[in-house]
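The lines below spell out each chain.
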Amino acid sequence: MRIAVCPGSFDPVTYGHLDIVRRGANIFDKVIVAVLTNSKKQPLFTVEERLALLKEVTAELDNVEVDAFAGLLVDYMRQKQAKVLIKGLRAVSDFEYEMQMAAVNQKLDPEVETFFMMTNPRYSYLSSSIVKEIARYAAPVSDLVPPPVEQALKAKFAR
Ligand code: PNS
């Protein structure tokens, strides 16, 4: 069975992430969406909130699982017997950092293959940070995130 891991912060999950997960799920037998829990970034949503949103928006994808991980991604992948790492590339600006991460992961575990997909051009400008910035000022994000995420953002920023 070909198991792929799609790692990230998912703070929160966007239509850009979902596009990559969906396309990955069409290619691999199983896709594990893995939320990094010990990131240095200060998140808006707790790990539990991010996992719950991811589960809700991927519920119709039968071969997609949602999980959390801490520490090195390659260690988590070994534990899950996953050999493929799925990443979305939005623009040239993503390339350098992703190339560095792919090289590090390749060095840490030569059996891990990083698999890049170009993000749907519809979402090439999209990021969780942009979504949070827009939602913070109560502008609509319905084209950028699924309805449960939109609701969760509204609740976070409601005062
Ligand atoms: O959504 P993000 O924040 O861009 O995701 C980054 C992530 C989680 C993919 C990356 O930070 C990661 O893999 N962290 C785990 C630690 C690790 O394995 N580091 C070595 C490779 S750089």
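What counts and what doesn't
- Residues numbered from 1 in each chain as written.
- Predicted model: local features only at pLDDT ≥ 70, side-chain atom pairs only at ≥ 80, totals over all residues.
- Heavy atoms only, no water.
- Near = heavy atom within 4 Å.
- Polar contact = N/O pair within 3.5 Å; in protein donor to acceptor, adjacent residues only side chain to side chain.
- Areas by Shrake-Rupley, 256 points an atom, 1.4 Å probe, with all protein chains shown as cover.
- Helix = DSSP H or I, 4+ residues; strand = E, 2+ residues; numbered from the N terminus.
- Nonpolar A, V, L, I, M, F, W, Y, C, P; charged D, E, K, R; others polar.
- Axes fitted to C-alpha atoms, helices over the stretch in contact; angles between N-to-C directions.
- Parallel < 35°, antiparallel > 145°, perpendicular 65-115°, else oblique.
- Contact = heavy atoms within 4.5 Å.

**Q** Residues and numbers for the site of the ligand, please.
**A** Neighbouring residues of the ligand: 13 residues in total, closest G8, S9, K41, L73 and N105. At 2.5 Å from an oxygen atom of the ligand is found a side-chain nitrogen or oxygen belonging to S9. One of the side-chain N or O atoms of K41 is found 2.7 Å from an oxygen atom in the ligand. In isolation the ligand has 550 Å² of accessible area, and contact with the protein removes 75% of it. Of all elements in the fold, only β1 (3–8) and α4 (92–108) reach the threshold of two or more residues within the shell around the ligand. Among the elements that make up the shell around the ligand, the one with the highest residue count is α4 (three residues). The residue inventory of the shell around the ligand, partitioned by class, reads seven nonpolar, four polar and two charged.

**Q** Please set out the packing of helix α2 (residues 47–57) against helix α6 (residues 147–157) residue by residue, giving values where relevant.
**A** With their axes 10 Å apart at the nearest point, α2 and α6 run at an angle of 155° to one another. For the element pair α2 / α6, the angle class is roughly antiparallel. From α2, E49, L53, E56 and V57 reach across to α6, where they touch P148, V149, A152 and K156. Among the residues forming the contact of α2 with α6, the class breakdown is five nonpolar, no polar and three charged.

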